[in-house]
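Residues per chain are reported as follows:
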Amino acid sequence: MTMRIILLAFVLTIATPNFTAFAQPAARLDLNASAAIVVEQSTGRVLYGHNIHARRYPASMSKIMTAIVALDHLELNDLIVIGTEINNMPAGYATNIHVVGETVSVHFMLKALMIRSGNETGRTLAIEVMRRITGRDDITYNEAKPLFSSLLNQRAASLGAYNTTFTNPYGLHAAQHVTTAYDMAIISRAYMDIPVLAEIAAMRYFDGDGTLGVYVPGANIRQYSWTNTNRTLPGGEFSHPFMTGLKTGFTTPAGHCLVGSAYFNGLELVSVVFYSQDPGRWLDTHQLINFGFTNFSFREIATPMYLADEIYIYNPRRGDPATVEIIQAYGHQALLSHNEYANITRAIIYDPLLLVQPEEGETSQPQLLAPIEEGEIVGAIRYYTGGVLVFESPLVAAQAVYERTFDSDMDYFLAMFTSNVFTRRALPYWFGVFGVLFGIFGMHLAISASRRARKAEKWSRPEPRRSRYDRR
């Protein structure tokens, strides 16, 4: 019994929905981008895609990965002194944010990286991470860059972004520095799962100093004021009311790119646009986000402890119900399109070791074999849409089921007698018993009277006379 339960539970555990098997709603968005995608944050389900596995240049969207790796190795309150790594930036990439010798916090640097899109910021974070890992304070940026890029690639692969290669921490164009819309969505989901990074992504403005108000005696601390380069955030020129981030990117080879994030009515989306134009990337992002919110939602397809079935019992204990209620152990909400939800079907599968098929010629339905414990797994219920498994839950017996035996029959009859012997319902039986006893008693009296009469008659007869010859 225990092994059967363990085996069935294992099967249920490994049978999980395959979101990649869901068909996208039949639609064709009029996008300017050469590659684009929109996914749901918590599940990763692709809601719409165009050339999602085509390799593209990510430009400054690379900084999303840099922020994740920086937080893997640095603490928010760690202080950094900007070094000469910010000098000699490639033409077109210098942003003149920092100065050599100023003191900044890691938390501030993440804001500079994501809000101001600081290229020097990416360099400084990369070299600081490699100083911590190698223990070398004198490591140069040229030494740190390939080591940090290796960390970026390892982290991307660990997330499942297998078609991504980073060669620098801030998106400097290189033929080998590539990713895909699908991979960038994976990386961006990981970013948004980190609360402090998600908070930074949603910031439209920043005004403050390099240590975020922390006093450091003798330190060179500067003031900053920025506006986020993401113009889809509320208050931006192309604002969307539900946008929460994320990151822009641009180089001439990469074109205008944007990772967007949005939240509405319990649904969180991440969109990616590659090689669009301006304002095309903002408008493309609007289309992707609106498409997701319009066509998809989380729907409750199953509630916990739901009465899923009622099935007959084979050879139940006398006096017990002939059926047992079967309940669904778990509930589930699924991310579905409106059409998918409208076409949900379900299938109930019982444990074949517990199932008794009717004999040939019988019309009864299959029955469960007693005994069954309350709460015992007896099967599973599966929900499908379009032939794709959405959810599976164990089915358990709502009540204990006992097998009929000779002893259980005796117990039943004894219980019936003791429970009914002194009730009003038993009066006819009592009258019947008294009638039988009275009849027996009457018969006894009649037989006794008959015997007494015969005996009295015998004694009342005179004894016959005997001859003298008989008396001899």
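Residues numbered from 1 in each chain as written. Predicted model: local features only at pLDDT ≥ 70, side-chain atom pairs only at ≥ 80, totals over all residues. Heavy atoms only, no water.

(A) The arrangement of the overall build of the protein in detail. Counting secondary structure elements, the protein contains 12 helices and 20 strands. Here the protein holds 472 residues, and 46% of them are scored as buried. Sequence separation of at least 24 residues holds for 65% of the intrachain contacts in the protein that already meet a minimum separation of 6. With an accessible surface of roughly 24800 Å², the protein has 55% of that area assigned to carbon and sulfur atoms. (Helix = DSSP H or I, 4+ residues; strand = E, 2+ residues; numbered from the N terminus. Buried < 20%, exposed > 50% of the residue type's maximum accessible area, 1.4 Å probe, protein only. Contact = heavy atoms within 4.5 Å. Areas by Shrake-Rupley, 256 points an atom, 1.4 Å probe, with all protein chains shown as cover.)

(B) Inspection of helix α4 (residues 119-134) at higher detail. The terminal C-alpha atoms of α4, which comprises 16 residues, lie 23 Å apart, in line with the 22 Å expected from a rise of 1.5 Å per residue. The buried count for α4 comes to 13 of 16 residues, which makes it a mostly enclosed element. The positive-phi residue at the C-terminal boundary of α4 is G135, with phi of around 75°. (Expected span 1.5 Å × (residues − 1).)

(C) Quick peek at the confidence of the model for the protein. Put simply, the protein has an average pLDDT of 87, and 86% of its residues get 70 or more. In this model residues 1-16 is a low-confidence stretch, pLDDT under 50, and it forms 19 contacts with partners more than four residues away in sequence or in other chains. (pLDDT = per-residue confidence, 0-100.)

(D) Looking closely at the sheet that holds strand β10 (residues 255-264). Spatial strand order, β2-β1-β11-β10-β9: 5 strands in an open sheet with antiparallel pairing. The sheet is open, and its two borders are formed by β2 (46-50) and β9 (243-251), each paired with just one other strand. Put simply, the sheet's adjacent strands are angled 5° from each other on average, direction ignored. Relative to strand β11 (residues 267-276), strand β1 (residues 35-40) runs antiparallel, the two being bridged by 6 bridges. Bridge assignment links V39 to a residue of β11, and that residue is V270. Taken strand by strand, helix α8 (residues 280-295) contacts β1, β2, β9, β10 and β11, and its axis lies near 150° from that of β11. (Pairing = 2+ DSSP bridges. Axes fitted to C-alpha atoms, helices over the stretch in contact; angles between N-to-C directions.)

(E) Summary view of a nonpolar patch on the surface. Taken together, F434, V436, L437 and I440 make up a surface patch of nonpolar side chains, about 400 Å² in accessible area. Topologically, I440 is positioned in helix α11 (residues 427-460). (Patch = residues over 30% accessible without salt bridge, like charges linked within 9 Å, V, L, I, M, F, W, Y side chains within 5 Å. Salt bridge = Lys/Arg side-chain N within 4 Å of Asp/Glu carboxyl O.)

(F) Broad picture of helix α3 (residues 106-114). Burial analysis of α3 places 9 of its 9 residues in the buried class, which makes it a mostly covered element. Buried within α3 we find V106, H107, F108, M109, L110, K111, A112, L113 and M114.

(G) Local environment of the side chain of T124. Examined against the element boundaries, T124 turns out to sit in helix α4. Overall, T124 belongs to the buried group, its relative accessible area being 0%. A polar contact is formed between the side chain of T124 and the side chain of E85, at a distance of 3.0 Å. With residues near it in sequence (within four places) discarded, T124 still touches I80, I82, E85, I86 and M109. (Polar contact = N/O pair within 3.5 Å; in protein donor to acceptor, adjacent residues only side chain to side chain.)

(H) Just the nonpolar core, in detail. Judged by nonpolar contacts, the single largest core of 69 residues is most densely connected at L110, Y191 and L197. Aside from chain neighbours lying at most four places away, what touches L197 is A67, I68, L71, L110 and Y191. One finds I372, I381, F391 and L395 within the second-largest nonpolar core, a separate group that totals 22 residues. (Core = buried A, V, L, I, M, F, W, Y, C linked by side-chain atoms within 4.5 Å.)

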